[in-house]
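Observations on chain architecture
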Amino acid sequence: MDQEERIALFLDYENLAIGAREHLGGMVFDLRPVADALAERGRVVVRRAYADWSYFDEDRRMLTRSHVELIDIPQRMGASRKNAADIKMTVDALELAFEREYISTFVLCTGDSDFTPLVDKLRALNKRVIGVGVERSTSALLPPACDEFLFYDHLDGVEIPPSRPRRAKAAAPVSPAPATSSPSSEEAPSDSESLAALVAQTVSGLQRSGSGAVTASTLKRTLLRKDPTFNEADHGFRAFGELLRHLAGAGVIELAGKGDPEVSLPEHGDREAAFGLLRAVVTELAGSGPVALSGLKNKVRKMAPDFSEKKLGYRSFLQFARAAATAGMIGLEWNPDADDYLLTPPAEG
């Protein structure tokens, strides 16, 4: 019980209601999916929603049944009413942060970038901040400021009308299907490779910079620090553990232990040799400048016909090249002018 997160939930209700109505096919905002997502993260001890409730009569009944304290901002002056609600919510959140030290997590349900300074202040007070907002009405400035950001559209239980389908929620797991010639099947490997590369790079970085084993929970927290909108459900997995088991089965990572398993990269005796091979090829080709990633695999195979990055546990040649870059064997950087990754020999120390 002492290790359980205590959560304070604050809803900028007008922002949520309008965002859902305008961008999710006219649907009415429902608190239940948010409550279910928070139940997985801790115990909600404070629930407050801010709005002029004369405009949200039915919503008020729904929130009252969910034990939400309704803070009424009765002014009817457009932007002035909106500012009053924002200020009241900000003051209440800060007051709670100072008065109730046991509250460890603040959940701000809004997509308004005006709350970014509040997020910064709460984090400076050593509070974890989770944002929740409708994707298309959420400012791009807000999610990176939070420790975690949940798009309401992607939460379990949110049923968006067919005219506005969700981005990837109903997609199949990232494991690519058997090769076909259809264009749609060619999109899955790209998503799979991107996910595998993100996880492998993160594990590699934690192994190099950390003093102990990398656990699944540590990996998830790090992925969220990199991208607060990261959600395994967007890749077709019901839980983070399921995603890890999928990647382990594909040879991208290895898992050890139960509960909160340790995560590591596969150990293959010829990995260093493969990195050395790539370095040699890049060094040989770099006389006239950086080497493009496109077509490089064929040049590596000319030197070593049996080369395969999949035998080394990598899902793509790009992931293999990124791992080599992480190991300091090559330089790797995206070049928008070339519309490709460019590789260079390592700088001489």
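Worth saying up front: this structure is predicted, and the values here are computed from it rather than measured.

The next point concerns the pairing of strand 4 (residues 105-109). Counting buried residues along strand 4, 5 of its 5 residues qualify, which places the element largely inside the surrounding structure. Going residue by residue along strand 4, you find Thr105, Val107 and Cys109 tucked away on one face and Phe106 and Leu108 tucked away on the opposite face as well. As paired elements, strand 1 (residues 6-12) and strand 4 share 5 bridges and run parallel to each other. Bridge assignment links Phe10 to a residue of strand 4, and that residue is Leu108. Bridge count between strand 4 and strand 5 (residues 128-133): 5 bridges; the pairing is parallel. Its bridge partner lying in strand 5, Cys109 is registered against Val132. After leaving strand 4, the chain enters helix 5 (residues 116-124) and then returns to the sheet as strand 5, a path that is right-handed.

A few words now on the pattern of salt bridges. Counted under the stated rule, the structure contains 11 salt bridges. Note that Arg48 is salt-bridged to Asp92, the shortest N-O span being 3.9 Å. Placement of the pair is Arg48 in strand 2 (residues 43-51) and Asp92 in helix 4 (residues 79-99), with a sequence separation of 44 residues. The exposure class assigned to Asp92 is buried, which follows from its relative accessible area of 6%. One salt bridge connects Arg60 with Asp57, and the closest N-O pair in it is separated by 2.5 Å. Residue Arg60 and its partner Asp57 are located together in helix 3 (residues 57-65), separated by 3 residues, close to a single helical turn. Taking relative accessible area as the criterion, Arg60 reaches 32% and is therefore assigned partly exposed. Judged by its relative accessible area of 32%, Asp57 falls in the partly exposed class.

Another aspect to go through is the packing of helix 9 (residues 271-285) against helix 11 (residues 317-326). Between helix 9 and helix 11, whose axes approach to 10 Å, the crossing angle comes to 95°. Classified by the angle their axes make, helix 9 and helix 11 are roughly perpendicular. Seen from helix 9, the contacting residues are Ala274, Phe275 and Leu278; seen from helix 11, they are Phe317, Phe320, Ala321, Ala323 and Ala324. Looking at the contact of helix 9 with helix 11 residue by residue, the classes come out as 8 nonpolar, no polar and no charged.

Taken together, the 6 strands give an open sheet; going across it, the order is 3-2-1-4-5-6, and neighbouring strands pair in parallel fashion. Of all the strands in the sheet, just strand 3 (69-72) and strand 6 (148-151) have a single pairing partner and so form its edges. Across the sheet, the axes of successive neighbouring strands diverge by a mean angle of 20°, strand direction being ignored. Note: strand 1 against strand 2, 7 bridges, orientation parallel. By the bridge assignment, Leu11 is partnered in strand 2 with Ala49. Against the sheet, helix 1 (residues 13-23) makes contact with strand 1, strand 2, strand 4 and strand 5, and its axis sits at roughly 65° relative to strand 1, the strand it touches most. With respect to the sheet, helix 5 is in contact with strand 4 and strand 5, its orientation differing from that of strand 4 by roughly 175°.

What follows deals with the environment of Arg123. Locating Arg123 in the fold gives a position in helix 5. Sequence separation between Arg123 and Asp147 is 24 residues; the distance between their C-alpha atoms is 8.5 Å.

Turning next to the nonpolar core. Of all hydrophobic cores here, the largest spans 32 residues; its most connected members are Leu11, Tyr13, Phe29, Leu31, Val34 and Tyr152. Those elements that place two or more of their residues in this core are strand 1, helix 1, helix 2 (32-39), strand 2, helix 3, strand 4 and strand 5. Here the element with the most residues in this core is helix 1; it accounts for 4 residues. Not counting the four nearest positions on each side in its chain, Leu11 is found in contact with Leu16, Phe29, Leu31, Arg48, Ala49, Tyr50, Val68, Met89 and Cys109. Core analysis: the second largest hydrophobic core is formed by 24 residues, Phe10, Tyr50, Met89 and Leu108 among them.

In this section: the confidence of the model for the protein. Looking at the protein, pLDDT values average 83 and 84% of them are 70 or higher. Under a pLDDT of 50 for its full length, residues 164-172 has, in the predicted model, 23 contacts with residues more than four places off or in other chains. A low-confidence stretch, residues 175-190 (pLDDT under 50), is modelled with 8 contacts involving residues beyond four sequence positions or located in other chains.

Thresholds applied
- Residues numbered from 1 in each chain as written.
- Predicted model: local features only at pLDDT ≥ 70, side-chain atom pairs only at ≥ 80, totals over all residues.
- Heavy atoms only, no water.
- Buried < 20%, exposed > 50% of the residue type's maximum accessible area, 1.4 Å probe, protein only.
- Helix = DSSP H or I, 4+ residues; strand = E, 2+ residues; numbered from the N terminus.
- Pairing = 2+ DSSP bridges.
- Right-handed = clockwise from strand over helix to strand, strands pointing away.
- Salt bridge = Lys/Arg side-chain N within 4 Å of Asp/Glu carboxyl O.
- Axes fitted to C-alpha atoms, helices over the stretch in contact; angles between N-to-C directions.
- Parallel < 35°, antiparallel > 145°, perpendicular 65-115°, else oblique.
- Contact = heavy atoms within 4.5 Å.
- Nonpolar A, V, L, I, M, F, W, Y, C, P; charged D, E, K, R; others polar.
- Core = buried A, V, L, I, M, F, W, Y, C linked by side-chain atoms within 4.5 Å.
- pLDDT = per-residue confidence, 0-100.

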